[in-house]
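# Structure assessment
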Amino acid sequence: MDKDKGVYAIVQFSETESIQSALSCVEHKMKGLKVRVKPREKKEFKLIPKKKNDPQNLQQVLNRLTPELCQQASVDAQMKYIVERFQLGENEKKARSLLVQLLQEVFVEFFPDSQILPFGSSVNTFGIHSCDLDLFLDLENTKVFQAQAKSSTEQAVEGVPDDGRSEDSILSDIDLSTASPAELLDLVATILIRCVPSVHKVHAVSTARLPVVKFHHRELNLQGDITLNNRLGVRNTRFLQLCSGVEERLRPLVYTIRYWAKQKQLAGNPSGAGPLLNNYALTLLIIFYLQNCDPPVLPTVDQLKDMACEEEECEIEGWNCTFPSQPIAVQPSKNTQDLSSLLSDFFSFYAKFDFASSVISLREGHALPIVNFLSQAKEDETMQEENPTKAHPHRPKLGPLNLLDPFELSHNVAGNLNERALRSFQKECQEAEKYCRSLQYQHKSTKGKPWGLLRLFTPHVDVQHNKPEQLTIDIPFKATSLPEVLRDEPHVAGDAFRLPWFQKVCSSVEVVLKTVLKCHVDAPKEGLCREDAAVDAEDMETTSASISASLNDSTESVESQNEATPSSAAVVGAKRPLSSGSDSSVSPHGKKPRLAKRRRPQIPPWTCVQKHVVWAGRRKVRRELVKDADCKPEGSCVELESQVTAYIAEKEPELREPLEFKVQLLMVGGTESTRALLKLEPSSDKAGVFQDFFHFLEGFLPKMVETVLQKEGRQA
Ligand code: UTP
């Protein structure tokens, strides 16, 4: 039925002939009234691509903001203006709350005693005009109701009257205590479709971490999500509300940073799932940064717990969710920084943050070493093996960015992020940090030019990969590729894990270049960092050992010829203590080295030669070699990739002139994300193929190195 106006219905037939006979009837009547019956029109559905995140569209929105932002007196005023401009207005809040009320009335008809509770941006004080409406349909009381109704029906049979409420309820068709989440979602979807005016585009997504029914409200032009199991979401929304109430600088910061992240395409996955940060995760990153300011702007979650009184104690699904209900219970911060400096310090904080080795904990207010989590995972595995039937604690899914939910400590809220998304986030933080040091950020232009936040908000455009400085390949640290011996060691923290990892990466890069891609690799026999230590290129073990020897001997290592970014710090050889966040700006003798020249463990450049176009047509060759190529994605198997190269080398003619290039390996970490950097530079490229080879390596090498590391780990 058309639930809005009740003027039409769509009838679906199970057999085509029935349609024919219905249509052949000259006149249809229903309860004495004429009914017009016609075949359903089949309209072509055109997919209109969403323009929301198109850079041009983002620029247009920014253009509309420009005059107002330019006129503001200071960056602080600009940030407050951003809140004014984007926050939900009173009417919008009212409309949302009326819709919640309407949904409540409908659902309670079908699910007696159920409750519909809003959470997320509509109510967490960070909502913007177009934000979605997140709802939790709490059926706990309905389950109790149903259980009671059931037992009273049984008694009624024996002569006890029931209260009659369950008679017409949809509950008679479904047992809430045994129904699967998918069945419940379907039921909710059906109720929305049939009974809530203006609600359309309803569909259930039961595969999400939290299964959800999505809908759209036509009149309010509002996207809504209903989940059935999200008490924690409602509670963490209360936590965000509390933080806003405690610290008035939080909202301008969150609105500004969310807008910056949107413009740079760093956060907000349009379809819900995706590799970018979600807004909740971004907000938690801001709160974590504020906990780490000096003095702190916000207390840790553990400190908040201690400020709560007995009545405020709260536990949900076994997680402690206690915090004060009123901001008044929290002491104001001693930090007096203004908004503009808090914003620029946010960028500096994450520009240098070592994501690879950290698990961010808002509960404790500091980063926990990732190696602690690895040993926990190992313990879990052992426990599971010993006692497979027992329920074991869940551990967060580790990834490039590890950000623990403040309450559900087994949930990494940034677990969906991929390497690329994290790299973009950190790179944009570095760019923003640089910009915030400029006069353009700090001072209003007297000539009406864009200043302050405006340049920060310029939409992200994809940069071409042909600039010379981009001939660098990153191999990010992955905890799983740590040597086994270190993974088993529960207390290895700080920098001690990086060096052995880097050694393994160097060896693996060599294996990929030599064995997989059939390059000739000439690694200097003498001297790594001091240019006098040996690398036996034939033998991975020896390579690893000699790299280690050389790196450990690198106290007097040559200064990096490859310019380090001013903010980057070296992780130094083992002769000096490997303390966390070590900064080599202080020399072993306590003297400052020359400005902006930092040391990093590095080995002397390798000279490599490639004679074949081993990057061209690999996918096709791979498909030919393996029938079911889907099972073996690119870079997932050393033997197969070696065969692919051998095949190309045999079938394709040699390059008219071999490509010669240098590879320089460097290790980064401590005050920035732990990773190995490979700098590639052509020394002879008469065939003009270096760019193509480099682009291929950019994607191929990190995956392949990972595969080699894992293979080696398994063999060990
Ligand atoms: P969102 O990431 O959608 O945040 O998560 P948001 O503030 O509502 O922003 P937009 O405008 O809709 O994008 C919505 C809520 O879902 C819960 C949190 O309560 C969050 O406020 N949530 C989200 C979690 O509990 N855990 C998560 O990992 C993600």
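All of the points below concern the structure found in this document. (Residues numbered from 1 in each chain as written. Predicted model: local features only at pLDDT ≥ 70, side-chain atom pairs only at ≥ 80, totals over all residues. Heavy atoms only, no water.)

## A look at the pattern of salt bridges
Selection rule: For salt bridges, the criterion is a side-chain nitrogen of Lys or Arg within 4 Å of an Asp or Glu carboxyl oxygen. Strands are runs of DSSP state E lasting at least 2 residues, helices are runs of H or I lasting at least 4, and numbering of each runs from the N terminus. Relative accessibility thresholds used throughout: buried, under 20% of the residue-type maximum; exposed, over 50%; partly exposed, between the two (1.4 Å probe, protein chains only).
The tally for this structure, following the rule as stated, stands at 17 salt bridges. Residue R675 pairs with D474 through a salt bridge whose shortest N-O separation is 3.0 Å. Of this pair, R675 sits in strand 16 (residues 675-684) while D474 sits in strand 12 (residues 472-476); the two residues are 201 residues apart in sequence, bridging distant segments of the chain. In this pair, the class of R675 matches that of D474, namely buried.

## Examining the packing of helix 3 (residues 75-86) against helix 11 (residues 339-351)
The condition is simple: Axis definition: a line fit to C-alpha positions, over the contact stretch in the case of helices; interaxial angles, taken between N-to-C directions, run 0 to 180 degrees. Orientation labels follow simple angle bins: below 35 degrees gives roughly parallel, above 145 gives roughly antiparallel, 65 to 115 gives roughly perpendicular, and whatever is left gives oblique. The contact rule is simple, with two residues in contact once any of their heavy atoms fall within 4.5 Å.
Between helix 3 and helix 11, the least distance of the axes is 7 Å, while the angle of their chain directions is 80°. One element, helix 3, and the other, helix 11, form an angle in the roughly perpendicular class. Residues V75, D76, M79 and K80 of helix 3 pack against L339, S340 and L343 of helix 11.

## What about the sheet that holds strand 4 (residues 133-138)?
Selection rule: A pair of strands is treated as paired once DSSP finds two or more bridges between them.
Spatially, five strands are ordered 3-4-7-6-5 in an open sheet, and the strand pairing comes out mixed. Single-partner strands in this sheet number two, and they are strand 3 (115-119) and strand 5 (199-205). Direction aside, the axes of adjacent strands within the sheet are offset by 25° on average. Two strands pair when backbone bridges link them, and strand 5 and strand 6 (residues 212-217) are joined in this way by five bridges, in the antiparallel orientation. Of the residues in strand 6, the one forming a bridge with V205 is V212. Lying on the sheet, helix 6 (residues 181-195) is in contact with strand 4, strand 5, strand 6 and strand 7 (222-227); it crosses strand 5 at an angle near 175°. Against the sheet, helix 7 (residues 231-246) makes contact with strand 3 and strand 4, and its axis sits at roughly 45° relative to strand 3, the strand it touches most.

## Thoughts on the state of the cysteines
Let me state the cut-off plainly: In what follows, a disulfide is any cysteine sulfur pair within 2.5 Å.
Tallied over the entire structure, the rule returns zero disulfides. This cysteine, C608, is not joined by any disulfide, and C519 carries the nearest cysteine sulfur, 5.9 Å off.

## Some remarks on the site of the ligand
Filter applied, for reference: A cutoff of 4 Å decides nearness: a residue is near a molecule or strand if any of its heavy atoms lies inside that distance of it. Any pair of N or O atoms that falls within 3.5 Å is considered a polar contact. Within protein, one atom must be able to donate a hydrogen and the other to accept it, and sequence-neighbouring residues count only if both atoms are side-chain atoms. All accessible-area figures derive from a Shrake-Rupley calculation using a 1.4 Å probe, and residue coverage is judged against the displayed protein chains alone. By the convention adopted, Pro, Cys, Tyr, Trp, Phe, Met, Ile, Leu, Val and Ala count as nonpolar, Lys, Arg, Asp and Glu as charged, and the other residues, Gly among them, as polar.
Taken together, the neighbourhood of the ligand is formed by 17 residues, with S121, D132, N236, N279 and H411 sitting nearest. Note that an oxygen atom of the ligand is positioned 3.2 Å from one of the backbone N or O atoms of G233. Here an oxygen atom of the ligand and a side-chain polar atom of T237 are 3.5 Å apart. About the coverage of the ligand: the protein hides 83% of its 560 Å² of free accessible area. For the shell around the ligand, the elements supplying multiple residues, two or more each, are helix 7 and helix 9 (279-291). Of the residues forming the shell around the ligand, the biggest block, three residues, is contributed by helix 7. Tallied by class, the residues present in the shell around the ligand amount to four nonpolar, nine polar and four charged.

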